[in-house]
Amino acid sequence: MNSSVSKMAWGNVSGVVLIVLGLAALGVHFAVDAQEDRGQPLISPTDARDRDFYAPNSETLDPDEIRIIACGTGMPTPRPAQAAACFLMELGNGEKFIFDIGDGSVERLFALGIPTAFLDKVFIGHLHGDHFGDIGSLFVAGGIAGRFSPLRIWGPSGATPELGTAAAIDAMEKMFAWDLAGRLGQTDVRGFTTEVHEFDYRKEQIVYEENGVVIRSFPAIHAIDGSVSYSLEWNGLKIVFGSDTFPNKWFIRNAKNADLAIHECFIAVPDMMSKFRSTPEAALQVGTQIHTAPEAFGKVMSMVKPRHAVAYHFWKDTDTTGPVLESIRTTYGGPLSLAQDYMVWNVSKEGIRERMTIFDEHSVNPPLAYPAMPVSPDERVGYSPEIEAGRLDMRDVLEPIYKKASEKLGRDFPYPEN
Ligand SMILES: [Zn+2]
Ligand SMILES: [Zn+2]
């Protein structure tokens, strides 16, 4: 027993010695390698380096590249995480185009810090509020913040004139009559005007052609007549934006060879009942017949075979994303993004890169692209004597502000006499 114990012990000892010797040899070897590696680090401890997010105004757009930013991907009811439909396309030649301008999207557009003078071209796919509800915000806030030219708007006609884009925008301008009157003679209001291009919703046609950019509209099938989708072609690249629609032949035709194909993908019918509080009848009708269900989205993309597909128009949450993705994957296996607000795609011939935008929640007005013009106080509408009579005497506290400004800026700013 003793001998066997001693044999085992010896055996173990010799094994341990061999292992230790082996490890020692390896250990010395590793230590030398590690020392050599530390001599020349792979990443600088001080230099800036590429990050995996997009920070607005921190990257130069290549002359042959398009950057697309999702400024609204959600549903018709507002929520902080998702504005309603809006995609911004920025081209390497400096041109910028807004496709749909749904509720809440202007806040996102402004967070990108782009001078509003360059946010002056909007293409509306249809006149549901979740696709054009923020047009008034872009009209007014864009005009205040430095768009000193008309807001240019493209959109479809309707089955009757009053259902078309021109009538909607005319009504919007009338709605802001007081807003504009209150600004006359106070600030530069050259941007408080529109240039509307209403086109026939039934046609496949070029609706914009400037600086090598071609934008086509083509019919969609959604709710009633008068919904369209768009394609943008520039520099050998093609981006397609589908506003709301039931799957249709025009999208398949016009999205052929698209680099990025953006198409609605509605929330699943069970989620419409549990989250949108729809009746089963309404969920089935709206979720599959008025819109494109996830399975149908996949079928559309399998027919189009774009370089990259983008699905939007559903609440993107932890519990909805899985089911939407699973449903799409029953019919489509290609490259895909499930869009959420602030997602960004850089598209070029070389590749397509998807990232998220990191933005400043406290961003203020974007910088001015052009200086404001001085205005004449003669244009002011003013107050009636009845309202004027209610003014308190504040001259003692306000006149010093004028004096300070005069001193600082070296010009005379007299305190206004009423
Ligand atoms: Zn719609
Ligand atoms: Zn919609």
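Residues numbered from 1 in each chain as written. Chains lettered and ligands numbered in written order. Predicted model: local features only at pLDDT ≥ 70, side-chain atom pairs only at ≥ 80, totals over all residues.

Colleague: Explain the domain arrangement of the chain residue by residue, including any values.
Modeller: Split into domains, the chain comes out as domain 1 (53-357) and domain 2 (385-418). The straight-line distance from the C-alpha centre of domain 1 to that of domain 2 is 46 Å. (Domains from an automatic or database assignment.)

Colleague: Run through helix α13 (residues 395-409), naming residues and quoting values.
Modeller: At 3.6 residues per turn, the α-helix brings residues three or four places apart onto the same side. Look at α13: 21 Å from first C-alpha to last across 15 residues, which is about the 21 Å you get at 1.5 Å a residue. Here α13 lies mainly on the outside; 0 of its 15 residues are buried. Looking one or two residues past α13, G410 carries a phi angle of roughly 70 degrees, positive in sign. (Helix = DSSP H or I, 4+ residues; strand = E, 2+ residues; numbered from the N terminus. Expected span 1.5 Å × (residues − 1). Buried ≥ 20, exposed ≤ 12 C-beta atoms within 10 Å, placed from the backbone.)

Colleague: Can you break down the nonpolar core residue by residue, with the values?
Modeller: Formed by 82 residues in total, the largest nonpolar core has its most connected members in I68, F87, M89, I239 and A261. With residues near it in sequence (within four places) discarded, I239 still touches I66, I68, M89, L232, A258, D259, L260 and V347. (Core = buried A, V, L, I, M, F, W, Y, C linked by C-beta atoms within 7 Å. Contact = placed C-beta atoms within 7 Å.)

Colleague: Describe unusual backbone geometry, with residues and values.
Modeller: For K305, which is not glycine, the phi torsion reads 50 degrees and is therefore positive. For K305, the position within the fold is in the loop between α10 (294-304) and β13 (308-312).

Colleague: Lay out the confidence of the model for the chain in plain terms, naming residues and giving numbers.
Modeller: When pLDDT drops low, the exact placement of atoms in the prediction is not to be read closely. On average, residues of the chain score 92 in pLDDT, and 91% of them reach the 70 mark or higher. Low confidence marks residues 1-32, where pLDDT is under 50. Its contacts with residues over four positions away, or in another chain, come to 0 contacts. (pLDDT = per-residue confidence, 0-100.)

Colleague: Give me the lowdown on the sheet that holds strand β15 (residues 343-347), citing residues and values where you can.
Modeller: Taken in spatial order, the 9 strands make up an open sheet running β1-β16-β15-β2-β3-β4-β5-β6-β7, and their pairing is mixed. Of all strands in the sheet, those with a lone pairing partner are β1 (53-54) and β7 (194-199), marking the two edges. In this fold helix α4 (residues 135-144) packs onto β5 (121-123), β6 (151-156) and β7, with an angle of close to 165 degrees to the strand it touches most, β6. Those strands touched by helix α5 (residues 165-175) are β6 and β7, and its axis lies near 160 degrees from that of β7. (Pairing = 2+ DSSP bridges. Axes fitted to C-alpha atoms, helices over the stretch in contact; angles between N-to-C directions.)

Colleague: Summarise the packing of α10 against helix α11 (residues 318-329); cite the residues concerned and give the values.
Modeller: Two elements in contact, α10 and α11, have axes whose closest approach is 7 Å; the angle formed by their N-to-C orientations is 40 degrees. Considered as vectors, α10 and α11 are oriented oblique to each other. The handedness of the crossing between α10 and α11 comes out as right-handed. Mapping the contact onto sequence places P294, E295, F297 and G298 in α10 and V324, S327, I328 and R329 in α11. (Parallel < 35°, antiparallel > 145°, perpendicular 65-115°, else oblique. Left-handed = near helix turned anticlockwise from the far one by under 90°.)

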